[in-house]
Structures are given as C-alpha cells and as structure tokens.
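Fold and geometry: a report
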Amino acid sequence: MTARLALADRLALFGQGSLGLTDPGATGQGLLEEVSALRSSSFALGLSGRDLLTESDRLTLAVAQPLRVDAGSAMLDRPVGRSFDGRILRRADRVDLAPEGREIDLELGYRLALGDRRELSLNWLTQLEPGHRQGAGPAHAIAIRLRSAF
C-alpha cells in the first residue's frame, strides 16, 4: 500500500507499507527442507518539501525498514562428519529464518534543478542494524548524482 498526502502547498507526507505471506510449496532434498510459510514486512514514511531554498528544489527526509522476514522456519540438513566405513553423517536442525535485528534506514536527500535538462542530487543514508543483524554497527552512505537529459 502506498499513500501521499499534501500537508501544505509545498509540503507532502508519503508512506508505503507491505505485508507478505509466502508459501514456499514443496521443498526438495537439499540443504534447506521443510520450509514453513514465511511472513514478511516492509515500510517507509517520509516528508518532502519543494521550492524551499530555490525554485524547483526538493528536500526529503525518510525512515524505512527494508523487506524483512518476520516469521518462518526451515529444517537445515547438513553434513557433520564421516563414519569409519565412509558414510556421510548428517544432522537436521530446525532454524528460525527471522533475523534477530531490524534494519531501519534514515535518509536525507536534496535535489536541485540546474536548468531545464540537468539536476543535482545529494543523499545521505544511515542504516541502523544493517542487514537486519542485531548489534551491527551503523552503516553510512553518501550519494551524489548529476543527471543530464539530451
């Protein structure tokens, strides 16, 4: 689901959310077996302003959670050794497919028109618990883009 709401002439609130339920169907023989139904989610919420510093510019602030498995499990069938007669010994364990952490992305972006056919964009992204890994330190990225149409 996606929504956009104009708060004022130059200010808008936007959002997106999704919930998923995936049935993996029949699972064959391999490393992962007996995969349960998977429940997943994602969301984004942001605020966007235009014509703030100059005509045709845009400032955006957003918070988002990338797609994440919230619930689900699978049987992990793996080799753990070899017997004296050469047979491979295996062990099967049920594993939780939902990560312990929850990645939250914070993004600040500014876009500036440079005439009719060019624009400059600057973005800062901070990821908290990147990769949905609990306890992972934050990750940061900066993007600069110059776009030109011809």
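Data block above holds the structure.
First, a word on what this report is: a plain description of the structure on this page. (Residues numbered from 1 in each chain as written. Predicted model: local features only at pLDDT ≥ 70, side-chain atom pairs only at ≥ 80, totals over all residues. Heavy atoms only, no water.)

**Side note on unusual backbone geometry**
How we decide: Note on conventions: DSSP H or I runs of at least 4 residues are helices, E runs of at least 2 residues are strands, and numbering of each starts at the N terminus. The cut-offs for exposure are 20% and 50% of the maximum accessible area for each residue type, with area from a 1.4 Å probe on protein chains only; residues under the lower value are buried, those over the upper are exposed, and the others partly exposed.
Of note, the phi angle at D51 is positive, near 55°, even though the residue is not glycine. The residue S56 is not glycine, and still its phi comes out positive at about 75°. Examined against the element boundaries, S56 turns out to sit in the loop between β4 (38–50) and β5 (57–71). A relative accessible area of 39% means that S56 is categorised as partly exposed.

**Things to note about the sheet that holds strand β8 (residues 104–113)**
How we decide: Pairing between strands is defined by DSSP: at least two bridges between them are needed. For helices, the fitted axis covers only the stretch in contact; all axes are lines through C-alpha atoms, and the angles between them, taken along N-to-C directions, range from 0 to 180 degrees.
The strand order β1-β2-β4-β5-β8-β9-β10 describes an open sheet built from seven strands, whose pairing is antiparallel. This sheet does not close on itself; its edge strands, each paired only once, are β1 (2–8) and β10 (139–148). When strand polarity is set aside, the average angle formed by the axes of neighbouring strands in this sheet is 15°. In this sheet, strand β9 (residues 118–128) lies alongside β8 in antiparallel orientation, the contact comprising ten bridges. Following the sheet pairing, G109 is matched in β9 by N123.

**What to know about the environment of D105**
Quick note on the threshold: Contacts are residue-level and defined by heavy atoms, with any inter-residue pair within 4.5 Å sufficient.
Structurally, D105 can be placed in strand β8. Separated by 42 residues in the primary sequence, D105 and V63 have C-alpha atoms spaced 5.5 Å apart. Excluding anything up to four places from it in sequence, D105 contacts A62, V63, A64, P66, L125, T126 and Q127.

**Some remarks on the sheet that holds strand β7 (residues 88–96)**
Two strands in a sheet stick together by hydrogen bonds in their backbones, pointing the same way (parallel) or opposite ways (antiparallel). If you trace the three strands from one edge of the open sheet to the other, you get β3-β6-β7, paired in antiparallel fashion. A strand with exactly one partner marks an edge of an open sheet, and here the two such strands are β3 (32–33) and β7. The pairing of β3 with strand β6 (residues 73–82) spans two bridges and is antiparallel. Each bridged residue has a counterpart across the sheet, and for E33 the counterpart in β6 is M75.

**Considering the layout of surface pockets**
Over the atoms rolls a probe the size of a water molecule, and in doing so it shows where empty space is left. Short version of the rule: Lining residues are defined by having an atom within 4 Å of a point belonging to a cavity or pocket. Those points lie on a 1 Å grid over the protein atoms alone, cavities being sets where a 1.4 Å probe fits but cannot get out and pockets being open sets with protein on both sides within 12 Å along at least five of seven lines. Grid points are joined across faces, edges and corners, and a volume is the space filled by probe spheres set on the points.
Taken as a whole, the largest pocket spans an internal volume of roughly 210 Å³. As for the largest pocket, its lining consists of R58, T60, L61, A62, E107, L108, G109, Y110, R111, S121, L122 and N123. Of all the elements in the fold, those that place two or more residues in the lining of the largest pocket are β5, β8 and β9. No other element matches the five residues that β8 contributes to the lining of the largest pocket.

**Comments concerning the side chain of S73**
Rules: Any pair of nitrogen or oxygen atoms within 3.5 Å is treated as a polar contact; in protein, a donor-acceptor pairing is required on top of that, and neighbouring residues in sequence qualify only through side-chain atoms on both sides.
Along the chain, S73 turns up in strand β6. Overall, S73 belongs to the buried group, its relative accessible area being 17%. There is a polar contact of 3.1 Å between the side chain of S73 and the side chain of R94.

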